[in-house]
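# A structural walkthrough
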Amino acid sequence: MAKIIDGKAVSASVKAAVAQEVAALKEQGISVGLAVVIVGDDPASRIYVNNKKKACASCGIESFEYALSGDTTEEELLELVEKLNQDKKVNGILVQLPLPRQIDEHKVIEAISPKKDVDAFNAVNVGKIMIGDFDFLPCTPSGCMDLIDSTSVSVEGKRCVVIGRSNIVGKPMAMLLLHRNGTVTICHSRTKDLKEICRQADILVAAVGKPNFVTADMVKEGAVVIDVGMNRLENGKLCGDVDFEAVSQVAEWITPVPGGVGPMTIATLMRNTLTAAKIQNGLS
Ligand code: NAP
């Protein structure tokens, strides 16, 4: 039976460490602030934004919410981003995705100053991650690395398989595993022999967006399984990409959903905001 990787516990210790540093900065007269921009009234986005604000409060980070109506124009949003880029109280800018159709997400991401891009989605930060010389790591893959580290399983030399190649999860996840000297395979919807490839993985990361996609026969005995998936079922329950019950019988370590990767994403956002504040104040 697999051991559970407790995302709540790991994220609590990351947030506690951030809170300690934020408090120490406050004593030096430096405050840390995150602007959170939400456009429209998507219920899932509202939950994510509220959770991020709560995390800020628990870490002593000031959060500034900008809730814009669903008919906001691209120009209006770009103007706000520019204002936040200039605002000294704002160390990090987070624009909650997805954005309404009339707004080009790519343009907005690129408009955020790379120094305040705490999601690390901006092309400058993506490029820095590629060459291994970065200030921030994208929140979800970075949180997954913390979860892998919490097992004490070393990535070095291990066969790592990432299912999914999105810019925000799959690709950066693969890059972080590669930086740690894993031997990495990225799978996607056109991959042939997916099951056989997954069965070779010592470390398997699922970022597909399909409930219970990873079944026990796709998992190597003793593997570390990280489930990034957050799928809302018709009955309202949250479900990962991994068939948790069955895969738990095969894997050595597994993340639950909820309580695995989700809390880590937010904790990493807090850590990135702190890093941004330190850099902007010449402390890092
Ligand atoms: P995405 O952009 O939709 O990417 C999904 C990836 O899965 C794509 O690369 C796609 O391949 C691949 N895929 C789809 N069907 C497949 C199949 N049958 N076989 C192999 N690969 C397949 O999703 P995402 O943004 O990366 O998110 C993935 C999941 O993680 C979602 O459930 C999302 O909600 C969740 N998520 C969670 C967090 C968190 O904090 N826990 C954060 C971000 C995302 P193609 O490229 O070929 O289409």
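For the structure itself, consult the block above.
Since the model is a prediction, treat every value here as computed from it, not as a measurement.

The rules we used
Residues numbered from 1 in each chain as written. Predicted model: local features only at pLDDT ≥ 70, side-chain atom pairs only at ≥ 80, totals over all residues. Heavy atoms only, no water. Pairing = 2+ DSSP bridges. Helix = DSSP H or I, 4+ residues; strand = E, 2+ residues; numbered from the N terminus. Axes fitted to C-alpha atoms, helices over the stretch in contact; angles between N-to-C directions. Contact = heavy atoms within 4.5 Å. Near = heavy atom within 4 Å. Polar contact = N/O pair within 3.5 Å; in protein donor to acceptor, adjacent residues only side chain to side chain. Areas by Shrake-Rupley, 256 points an atom, 1.4 Å probe, with all protein chains shown as cover. Nonpolar A, V, L, I, M, F, W, Y, C, P; charged D, E, K, R; others polar. 1 Å grid on protein atoms, 1.4 Å probe; cavity = no way out; pocket = protein on both sides within 12 Å on 5 of 7 lines; lining within 4 Å. Points joined across faces, edges and corners; volume = space filled by probe spheres on them.

## A short note on the sheet that holds strand 4 (residues 92–95)
Judged by pairing direction, the sheet is parallel, and its three strands sit side by side in the order 3-2-4 without closing on themselves. The open sheet has two edge strands, strand 3 (62–68) and strand 4, and neither has a second partner. Ignoring which end each strand starts from, the neighbouring axes of this sheet average 15° apart. Of the pairings in the sheet, the one linking strand 2 (residues 33–39) to strand 4 comprises four bridges and is parallel in character. Looking across to strand 4, one finds that Val 37 is bridged to Val 95. Helix-sheet contacts for helix 2 (residues 43–59) involve strand 2, strand 3 and strand 4, and the interaxial angle to strand 3 is about 160°.

## A short note on the site of the ligand
Near the ligand there are 21 residues, and of these Arg 165, Ser 166, Ser 189, Met 230 and Thr 265 occur at the shortest range. Between the ligand and Thr 265, the relevant distance is 2.8 Å, taken from an oxygen atom to a side-chain nitrogen or oxygen of the residue. Taken by itself the ligand offers 930 Å² of open surface, and the protein chains cover 72% of this. Here the shell around the ligand gets three residues from one element, more than from any other, and that element is helix 10 (residues 261–280). Counted by class, the shell around the ligand contains nine nonpolar, 10 polar and two charged residues.

## Re the layout of surface pockets
Estimates place the volume of the second largest pocket at around 150 Å³. Lining the second largest pocket are 13 residues, and of these Leu 238, Cys 239, Gly 240, Phe 244 and Val 257 lie nearest its centre. Here the residues of the lining of the second largest pocket are counted per class, giving eight nonpolar, three polar and two charged.

Treat this as a map of the structure, not an account of what it does.
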